[in-house]
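Spelled out from the first residue to the last, the chains are:
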Amino acid sequence: DLDRSLSIFEWMPDGKNFLVGGNDKTRFGLWLQPAAGGKARPLGLGDVKNVTSLSVSKSGEIALTGSESNRPTELYYLASTSST
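Residues numbered from 1 in each chain as written. Predicted model: local features only at pLDDT ≥ 70, side-chain atom pairs only at ≥ 80, totals over all residues. Heavy atoms only, no water.

Colleague: Lay out the pattern of salt bridges with the relevant residues and their values.
Modeller: All told, the structure shown has three salt bridges when counted by the stated rule. Close ionic contact of Arg-4 with Asp-24 constitutes a salt bridge, the shortest N to O distance being 2.8 Å. Here Arg-4 is found in the segment before β1 (6-11), whereas its partner Asp-24 is found in strand β2 (residues 17-24), with 20 residues between them in sequence. Judged by relative accessible area, Arg-4 falls into the partly exposed class, the value being 37%. (Salt bridge = Lys/Arg side-chain N within 4 Å of Asp/Glu carboxyl O. Helix = DSSP H or I, 4+ residues; strand = E, 2+ residues; numbered from the N terminus. Buried < 20%, exposed > 50% of the residue type's maximum accessible area, 1.4 Å probe, protein only.)

Structure (structure tokens):
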């Protein structure tokens, strides 16, 4: 159901979901995609236009480096997929 060109793919610690990312119009999008199929849930990243790297901890925390159109690359942190 997710019709995007994806560039990031990570298993989530629960083993039931993937974290996938790619271009979403003029921004970079992240989605939580159930491994069993079904609709992906978008995660909010604000005005982030580009993500260069991403890591998921054993407890599901997400750290990524990304940039906005008027700012240099910075470190972003999501405490969980429900904190967006």
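Colleague: Mind laying out the confidence of the model for the protein, listing which residues take part and the relevant values?
Modeller: Confidence in the prediction for the protein averages 89 pLDDT; 98% of positions are at 70 or higher. Per-element confidence in the protein is highest for strand β6 (residues 62-67), whose mean pLDDT is 92, and lowest for β1, whose mean pLDDT is 90. (pLDDT = per-residue confidence, 0-100.)

Colleague: Explain the sheet that holds strand β5 (residues 50-56) to me, and be specific about the residues and the numbers.
Modeller: Spatial ordering of the open sheet is given by β5-β6-β7, a layout of three strands whose pairing is antiparallel. Each of the sheet's edge strands pairs with one partner strand only, and the pair in question is β5 and β7 (74-78). Sheet twist, expressed as the mean angle between neighbouring strand axes with direction ignored, is 25 degrees. Bridge count for β5 against β6 is six bridges, and the pairing is antiparallel. Counted as the bridge partner of Val-51 is Gly-66 from β6. (Pairing = 2+ DSSP bridges. Axes fitted to C-alpha atoms, helices over the stretch in contact; angles between N-to-C directions.)

Colleague: Tell me what's going on with the nonpolar core, and back it up with residues and numbers.
Modeller: Leu-19, Leu-30, Leu-45, Val-51, Leu-54, Ile-62 and Leu-64 are the most contacted members of the largest nonpolar core, which totals 16 residues. Elements represented by at least two residues in this core include exactly β3 (27-34), β5, β6 and β7. Those residues in contact with Leu-64 that sit more than four places away from it in its chain are Leu-30, Leu-45, Val-51, Ser-53, Leu-54, Glu-74, Leu-75 and Tyr-76. (Core = buried A, V, L, I, M, F, W, Y, C linked by side-chain atoms within 4.5 Å. Contact = heavy atoms within 4.5 Å.)

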